[in-house]
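Now for the letters of each chain:
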Amino acid sequence: MKFTLGWLKTHLETDAPLAEITHRLTMIGLELESVTDRGKDLAPFTVGYVIEAKRHPNADRLSVCRVDTGKGEVQVVCGAPNARTGMKGVFAAAGSFIPGTGLALKASTIRGVESQGMLCSEREMGLSEEHDGIIELPEDAPVGTPFAKILGLDDPVIDVAVTPNRGDCLGIRGIARDLAAAGLGRLKPVDLGAVPGTFKSPIAWRRDLPEGEGHACPMVVGRTFRNVRNGPSPRWLQDRLTAIGLRPISALVDITNFVTFDLGRPLHVFDADKLSGDLTMRFARAGEQVLALDGRTYALEPDMVVIADQQKVHGIGGIMGGEDSGCTEATHAVFLEVALFDPIRVAMAGRRLGIESDARYRFERGVDPASALWGAEVAARLVRELCGGEASELTIAGAMPDMSRTIALRPDRVRTLGGSDVPADEQARILDALGFATKRAGAAIEATVPTWRKDVEGEADLVEEVTRIWGFDRIPPAPLRATRALP
């Protein structure tokens, strides 16, 4: 699970240094895999000012630029159509290693004109696949300074290993919650409130599952958006996705990827104008196929959950959407999917089809059932903010599973089973900070389990929660005692 320090801080208010945060992650059970300092990797690339850009004497599509690097002037031959006098761009000196191409830059002569470096595109910097022009930096960017700092790319990328039972930590908010409970800051509030719809959705969700198989997709929520504009997403969103290895595509698609990693809630959007009637969650029929978003056509099997309209299949439940109803820059009407799927069915279908996706990774580990409702509100807020338009009322099929359960914790069990002598009040504080609702019942602590913690089933699980947040490193060493005499 990758995230940047800055992204984490949108959920966690903390002054803790990076080293303390990464150490604490491992101590609470989220083992640190790596920390990548992009600022260090991009430090050689600086802000350059184009003093003059003129046409190459021997090539119509090339420009000869005089560039102020902050350390002097150099001449650069550039093929970008947006290279012009007075702009500021990313300068790479001869001898630099270009991350996007994997090549070392050398001084050269291009069509008879000497070039002592280059002005770089996003692809050359490894930021995206965009290479039609060079990066344009703000007019007030100081010449000679590392460009990564100007664009906020000096943000360390943290990678942690998440065990299969901790699906709640496949969203950055879940990781922030654990760190806040461990005393590294305050968990910031998040707006999950309702977004009122202004019209009735012309497309409805339906479920058509055999009797006794409703758990395959117990609930699906959605809404229609009209009059949206689907262009490139804003820089901050593109930067966050790029930092963790995702390619920005368009605002609508980037929103779904953002919510998947930010809150651990996979979403999918359909171009509503490409659908024929309502969408139905059902099992695949004999001989059905789907052209998925990865460009491959998959033969479906009868026990796989699919999303279909009156004419064809448009997605594989919990795994991947279809190409035929995908959103493009021409999309103006959108239909949203926020569903719950059976983890076992998702895992089995994914393995048989050979599809690895971020959605599958989360659904087969279990997503928060409550997110089926609040996911539709978060999506609506982002779509309206970034793409404009109007959101419809919700359309809902099925019902949310009842996940409510209360478990009693005897405070002394944290000592006898977990090995740490943690005061009862501190035990209750830890559980409350993790999202459990606690109250005292005589000597015991009664804890109502939050919807996102399906892995917590008994008292021993509560002991583990208290112990890991208290700190496994704080468990005092004790000698092993023989239960019987050795021969």
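Residues numbered from 1 in each chain as written. Predicted model: local features only at pLDDT ≥ 70, side-chain atom pairs only at ≥ 80, totals over all residues. Heavy atoms only, no water.

### Re the overall build of the protein
Consideration 1: When its secondary structure is counted, the protein shows 13 helices and 30 strands.
Consideration 2: Per-residue burial over the protein gives 52% buried out of 487 residues.
Consideration 3: Excluding contacts between residues fewer than 6 apart, the proportion of contacts in the protein whose partners are at least 24 apart in sequence is 72%.
Consideration 4: Within the structure as shown, the protein displays about 22,400 Å² of accessible surface, and the carbon and sulfur contribution to it stands at 50%.
Consideration 5: Taking the average location of the 57 positive side-chain charges in the protein and that of its 67 negative ones, the two points are 1 Å from each other. (Helix = DSSP H or I, 4+ residues; strand = E, 2+ residues; numbered from the N terminus. Buried < 20%, exposed > 50% of the residue type's maximum accessible area, 1.4 Å probe, protein only. Contact = heavy atoms within 4.5 Å. Areas by Shrake-Rupley, 256 points an atom, 1.4 Å probe, with all protein chains shown as cover. Lys, Arg positive; Asp, Glu negative; His and termini not counted. Charge placed at Lys NZ, Arg CZ, Asp CG, Glu CD.)

### Points about the pattern of salt bridges
Consideration 1: Taken as a whole and judged by the stated rule, the model has 32 salt bridges.
Consideration 2: The closest approach of N and O atoms between Asp168 and Arg166, which form a salt bridge, is 2.8 Å.
Consideration 3: Residue class for Asp168 comes out buried when judged on its relative accessible area of 13%.
Consideration 4: Looking at Arg166, the relative accessible area reads 6%, which means it is buried.
Consideration 5: A salt bridge links Lys312 to Asp324; its shortest N-O distance comes to 3.2 Å. (Salt bridge = Lys/Arg side-chain N within 4 Å of Asp/Glu carboxyl O.)

### Section: the sheet that holds strand 6 (residues 73–78)
Consideration 1: On the basis of which strands lie adjacent, the open sheet formed by 5 strands has the order 6-5-4-7-12 and antiparallel pairing. Sheet topology places strand 6 and strand 12 (117–119) at the edges, where each strand pairs with a single neighbour. Going from strand to strand, the sheet's axes swing by 45 degrees on average, the running direction of each strand aside.
Consideration 2: Strand direction decides the pairing type here: strand 4 (residues 46–55) and strand 7 (residues 88–93), joined by 4 bridges, are antiparallel. Residue Tyr49 lies in a different strand from strand 7, and its bridge partner there is Lys88. (Pairing = 2+ DSSP bridges. Axes fitted to C-alpha atoms, helices over the stretch in contact; angles between N-to-C directions.)

### Focus: the pairing of strand 18 (residues 268–271)
Consideration 1: In strand 18, alternate side chains face the same way, and those of His268 and Phe270 on one face and Val269 and Asp271 on the other are all buried.
Consideration 2: Pairing geometry for strand 18 and strand 25 (residues 333–340), over 4 bridges, is antiparallel. In the strand pairing of strand 25, Val269 is matched with Leu336.

### Some points on the sheet that holds strand 13 (residues 157–161)
Consideration 1: Strand order in the open sheet formed by 3 strands is 1-13-3, with antiparallel pairing between adjacent strands. The open sheet has two free edges, formed respectively by strand 1 (2–4) and strand 3 (31–36), since each of these has just one partner strand. Pairs of neighbouring strands in the sheet enclose a mean axial angle of 25 degrees, with direction left out of account.
Consideration 2: Lying on the sheet, helix 2 (residues 18–27) is in contact with strand 1, strand 3 and strand 13; it crosses strand 3 at an angle near 150 degrees.

### What about the environment of Gly318?
Consideration 1: Locating Gly318 in the fold gives a position in the loop between strand 23 (313–316) and strand 24 (320–321).
Consideration 2: Overall, the relative accessible area of 5% leaves Gly318 in the buried class.
Consideration 3: Considering only alpha carbons, one finds Gly318 and Ile307, 11 residues apart in sequence, at a separation of 9.8 Å.

### Quick notes on helix 10 (residues 371–387)
Consideration 1: Counted at 1.5 Å a residue, the expected span for helix 10 with its 17 residues is 24 Å, and the 22 Å between its end C-alpha atoms agrees.
Consideration 2: Among the 17 residues that make up helix 10, 13 are buried, leaving the element largely enclosed by the rest of the structure.
Consideration 3: Just past helix 10, the residue Gly388 takes up positive phi, approximately 70 degrees. (Expected span 1.5 Å × (residues − 1).)

### Describing the environment of Glu129
Consideration 1: Within the fold, Glu129 resides in the loop between strand 12 and helix 4 (147–150).
Consideration 2: Spatially, the C-alpha atoms of Glu129 and Ala359 are 23 Å apart, while their sequence positions differ by 230 residues.

### Quick word on the packing of helix 7 (residues 251–263) against helix 10
Consideration 1: Between helix 7 and helix 10, whose axes approach to 10 Å, the crossing angle comes to 140 degrees. As summarised for this structure, helix 7 and helix 10 are arranged oblique, according to the angle between their axes. Judged by the twist between their axes, the crossing of helix 7 over helix 10 is right-handed. Note on element contacts: helix 10 touches helix 7 through Trp374, Val378, Leu382, Val383, Leu386 and Cys387, opposite Ala251, Leu252, Ile255, Phe258, Val259 and Leu263.
Consideration 2: Grouping the constituent residues of the contact of helix 7 with helix 10 by class yields 12 nonpolar, no polar and no charged. (Parallel < 35°, antiparallel > 145°, perpendicular 65-115°, else oblique. Left-handed = near helix turned anticlockwise from the far one by under 90°. Nonpolar A, V, L, I, M, F, W, Y, C, P; charged D, E, K, R; others polar.)

### Looking at the packing of helix 6 (residues 235–243) against helix 7
Consideration 1: Packing of helix 6 against helix 7 leaves a shortest axis separation of 10 Å and a crossing angle of 55 degrees. The angle between helix 6 and helix 7 falls in the class oblique. For helix 6 against helix 7, the interelement crossing comes out left-handed. Along the contact surface, helix 6 presents Trp236, Leu237, Gln238, Arg240 and Leu241, while helix 7 presents Asp254, Ile255, Asn257 and Phe258.
Consideration 2: Partitioning the contact of helix 6 with helix 7 into residue classes produces 5 nonpolar, 2 polar and 2 charged.

### Re the packing of aromatic side chains
Consideration 1: Under the definition given, this model contains 5 aromatic pairs.
Consideration 2: When the centroid spacing of 5.5 Å and the interplanar angle of 5 degrees are considered together, the rings of Trp7 and Phe258 count as stacked. Here Phe258 lies in helix 7 and Trp7 lies in helix 1 (residues 5–8), a separation of 251 residues in the sequence.
Consideration 3: Note on Trp7: relative accessible area 0%, which makes it buried.
Consideration 4: Pairing Trp236 with Phe258 gives two aromatic rings, centres 5.6 Å apart and planes at 85 degrees, and the pair type is edge-to-face. Of this pair, Trp236 sits in helix 6 while Phe258 sits in helix 7; the two residues are 22 residues apart in sequence, bridging distant segments of the chain.
Consideration 5: Among the residues examined, Trp236 registers a relative accessible area of 33% and is labelled partly exposed.
Consideration 6: Members of the aromatic cluster, joined through ring pairs, are Trp7, Trp236 and Phe258. (Phe/Tyr/Trp six-rings, centres within 6.5 Å; stacked < 30°, edge-to-face > 60°.)

### Observations regarding unusual backbone geometry
Consideration 1: The phi dihedral of Arg111 falls on the positive side, at around 55 degrees, and the residue is not glycine.
Consideration 2: Among the secondary structure elements, Arg111 is positioned in the loop between strand 10 (108–110) and strand 11 (113–115).
Consideration 3: Positive phi is not limited to glycine here, since Asn227 has a value of about 60 degrees.
Consideration 4: Judged by relative accessible area, Asn227 falls into the exposed class, the value being 52%.

Geometric descriptors of this kind do not, in isolation, establish any biological role.
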